[in-house]
Protein chains: 2
Amino acid sequence: MSNKGILIVISGPSGAGKGTICKALLEKNQYYLSISATTRKPRAGEVDGVNYYFMDRDEFENKIKEDDFLECAEVYGNLYGTPRSKVQAMLDSGKDVILEIDIQGALKVKDKIEDGVFIFILPPSMEELKQRIIKRGSETPQSLMTRFKSAYQEINYISTYNYAVVNNTVSDAVNKIESILMAERCRVDRIKEKILDSKEGLIHEQLYD
Amino acid sequence: MSNKGILIVISGPSGAGKGTICKALLEKNQYYLSISATTRKPRAGEVDGVNYYFMDRDEFENKIKEDDFLECAEVYGNLYGTPRSKVQAMLDSGKDVILEIDIQGALKVKDKIEDGVFIFILPPSMEELKQRIIKRGSETPQSLMTRFKSAYQEINYISTYNYAVVNNTVSDAVNKIESILMAERCRVDRIKEKILDSKEGLIHEQLYD
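The shown structure was predicted, so the numbers you read here are calculated from the model rather than taken from an experiment.

S.K.: Tell me about helix α3 (residues 84-92) of chain B, and name the residues and values.
M.R.: Residue and element names in this part refer to chain B. Regarding α3, the residues found buried are Val87, Met90 and Leu91. Considered in projection along α3, the buried side chains sweep an arc of 100 degrees and stay on one side of the axis. Summarising the contacts, the buried residues of α3 are in contact with β1 (7-11), β2 (31-33), β5 (69-75), β6 (78-83) and β7 (96-100).

The structure is reproduced here in structure tokens:
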């Protein structure tokens, strides 16, 4: 196993169940969640560095200029972004980092971290996706249809991803993602140099220490 | 999941433990073993189509001309080969096929079946590899050293493979290979067309039927 951690990008259309899957993955495994930065004001109970990195607009815009976001976007007048240096520091120290992100964000991250593992979460069916979007309840029939159509269109971006996991049940999806991570740690691309460097010594100890 | 089976190539230096791992994989899973063709005469108890496909030299050479071997080689005056049409028929019917093969053979197969999953089995250490070669016992000190050096050199071919699995314990290696297979079944390269074709319907049922 390489000493560097792996960036695990969990992405997919809204309503596919990314959030539930990430929560279950974090409960079962020694993965670390990437925390977003935002210019939005903290809500009651939200803690800086736990829920978000809270910062003012100037600080955020400076970090954009310094290219310190893997991706960022403005939503309802607030900026949100994934801090590159925080993620990189965790990866460098050997931690596997989960980034839960929408499709547009994932495409931007792909340009910056090529050896990330990009996993597209699919709903069990388009009908199920529709039901999940309806259940969230905060939508007018028209905005609901817009959201559904957008989710439907977004599935075309699947070609950019490495893996697709159907969220039929959460435990099944979590098992598949754990298998993907185990497989990725065995990929020759990731560990080749280490194997060839350590050929003379105890291969196992040097690979899996 | 794609309807086509996956070719699982289990390869690596002699003494790494390929055979034991394949046996354990076949006991636990619905995988099918690729059976070699040979011009060697059957030994007592060996059954055609079970241990080998036995054929005479003319028939074997005709099949070489028809390009019906994924690879073949002559060992001590007998020809051995992997019959392409037999393997392809199993893959086409959705069966996952295990091919246990030395490194030279695997490199030839790679040229013909690009979407196979090529797994390199590594011994826990070079010292352990030496001990395993010694334990087989049928070697003079000199041929032993030749075999060991050859195994040592062969590790350089690892770059051609997709995955490397250290055979520290058989059950650990088997778990890793099962994870690799589960991950490969989620690879977008393998299932993209099916997902995009089935977007309108029940994605899950069409992917996992």
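Alright, that's what it looks like, and here's the rest.
S.K.: For the sheet that holds strand β4 (residues 53-54) of chain B, give the residues involved together with the corresponding values.
M.R.: Residue and element names in this part refer to chain B. What the four strands build is an open sheet, ordered β4-β3-β6-β5; its pairing is mixed. Each end of this open sheet is capped by a strand with a single partner; those strands are β4 and β5. In this structure, β5 lies alongside β6, joined through six bridges in antiparallel fashion. Bridge pairing in β6 links Glu71 to Thr82.

S.K.: Lay out the sheet that holds strand β7 (residues 96-101) of chain A in plain terms, naming residues and giving numbers.
M.R.: Residue and element names in this part refer to chain A. An order of β2-β7-β1-β8-β9 is seen for the five strands of this open sheet, with the pairing classed as parallel. Two strands bound the open sheet, and with one partner strand each, they are β2 (31-33) and β9 (163-166). Taken pair by pair, the neighbouring strands of this sheet meet at an average axis angle of 30 degrees, ignoring direction. One ladder, built from five bridges, connects strand β1 (residues 7-11) with β7; its direction is parallel. In the strand pairing of β7, Ser11 is matched with Ile101. Across the sheet, helix α3 (residues 84-92) lies against β1, β2 and β7, angled at about 145 degrees from β7, the strand it touches most.

S.K.: Kindly report on the state of the cysteines, identifying the contributing residues and their values.
M.R.: When the sulfur atoms of two cysteines share a covalent bond, that bond is a disulfide. Under the criterion given, the structure shown has zero disulfides over all chains. The thiol of Cys22 of chain B is unpaired, and the distance to the nearest cysteine sulfur, on Cys186 of chain A, comes to 16 Å. Classification of Cys22 of chain B by relative accessible area gives buried; the value is 2%.

S.K.: Pulling in residues and values, what's your account of the environment of Arg190 of chain B?
M.R.: Residues and elements named next belong to chain B. Mapping Arg190 onto the fold places it in helix α8 (residues 188-197). For the pair Arg190 and Asn29, spaced 161 residues apart in sequence, the C-alpha to C-alpha distance is 21 Å. Polar contacts involving the side chain of Arg190 include one to the side chain of Glu184, which spans 3.0 Å.

Criteria and thresholds
Residues numbered from 1 in each chain as written. Chains lettered and ligands numbered in written order. Predicted model: local features only at pLDDT ≥ 70, side-chain atom pairs only at ≥ 80, totals over all residues. Heavy atoms only, no water. Buried < 20%, exposed > 50% of the residue type's maximum accessible area, 1.4 Å probe, protein only. Helix = DSSP H or I, 4+ residues; strand = E, 2+ residues; numbered from the N terminus. Arc of directions from axis to C-beta. Contact = heavy atoms within 4.5 Å. Pairing = 2+ DSSP bridges. Axes fitted to C-alpha atoms, helices over the stretch in contact; angles between N-to-C directions. Disulfide = S-S within 2.5 Å. Polar contact = N/O pair within 3.5 Å; in protein donor to acceptor, adjacent residues only side chain to side chain.

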